[in-house]
Amino acid sequence: MPKKIEHVPAGKFLTLDEIAAFVADAYAAGAKGSDVPHGRLSFGGKVRQLVVTVDEPEQ
């Protein structure tokens, strides 16, 4: 079953530190560098949310 890694900002917009934490969490959950994240932006182009779906490894 796919696992959804999602980060929303502590404030109004995601900071660079929060984006780095999202990437670290995604890799820790098994994401690959070729996986494409989806994001939600503000009208001004600032990042408000990042999501990536990671397939769980087969056993």
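Residues numbered from 1 in each chain as written. Predicted model: local features only at pLDDT ≥ 70, side-chain atom pairs only at ≥ 80, totals over all residues. Heavy atoms only, no water.

Draft legend 1. Representation of the overall build of the protein chain. Looking only at helices and strands, one finds one helix and three strands in the protein chain. Considering the protein chain as a whole, with its 59 residues, one finds that 24% of them fall into the buried category. Contacts spanning at least 24 positions in sequence make up 58% of the contacts within the protein chain whose residues lie at least 6 apart. Surface accessibility of the protein chain: about 4600 Å² in total, with carbon and sulfur atoms responsible for 56%. (Helix = DSSP H or I, 4+ residues; strand = E, 2+ residues; numbered from the N terminus. Buried < 20%, exposed > 50% of the residue type's maximum accessible area, 1.4 Å probe, protein only. Contact = heavy atoms within 4.5 Å. Areas by Shrake-Rupley, 256 points an atom, 1.4 Å probe, with all protein chains shown as cover.)

Draft legend 2. Fine view of helix 1 (residues 16-28). A rise of 1.5 Å per residue sets the reference length of helix 1, with its 13 residues, at 18 Å; its end C-alpha atoms lie 18 Å apart and thus fit the reference within 8%. Of all the positions in helix 1, only Glu-18, Phe-22 and Ala-26 are classed as buried. One side of helix 1 carries all its buried residues, which in axial view fall inside an arc of 80 degrees. Set apart from the buried face of helix 1 by more than 90 degrees, the exposed residues are Leu-16, Asp-17 and Ala-28. (Expected span 1.5 Å × (residues − 1). Arc of directions from axis to C-beta.)

Draft legend 3. Here's a closer look at the sheet that holds strand 3 (residues 47-54). Pairing within the open sheet is antiparallel, and its three strands lie in the order 1-3-2. Pairing within the sheet leaves two strands with one partner each, and these edge strands are strand 1 (3-7) and strand 2 (38-41). Strand-to-strand twist across the sheet, computed as the mean angle between neighbouring axes with direction ignored, equals 15 degrees. Bridge analysis of strand 2 against strand 3 gives four bridges, and the strand direction is antiparallel. Counterpart to Leu-41 in the pairing with strand 3 is Val-47. (Pairing = 2+ DSSP bridges. Axes fitted to C-alpha atoms, helices over the stretch in contact; angles between N-to-C directions.)

Draft legend 4. Local environment of the packing of aromatic side chains. According to the stated counting rule, one finds zero aromatic pairs in the structure shown. Above the plane of the ring of Phe-13 lies Lys-46, whose end atom (NZ or CZ) is 5.5 Å from the centre. (Phe/Tyr/Trp six-rings, centres within 6.5 Å; stacked < 30°, edge-to-face > 60°. Lys NZ or Arg CZ within 6 Å of the ring centre and 35° of its normal.)

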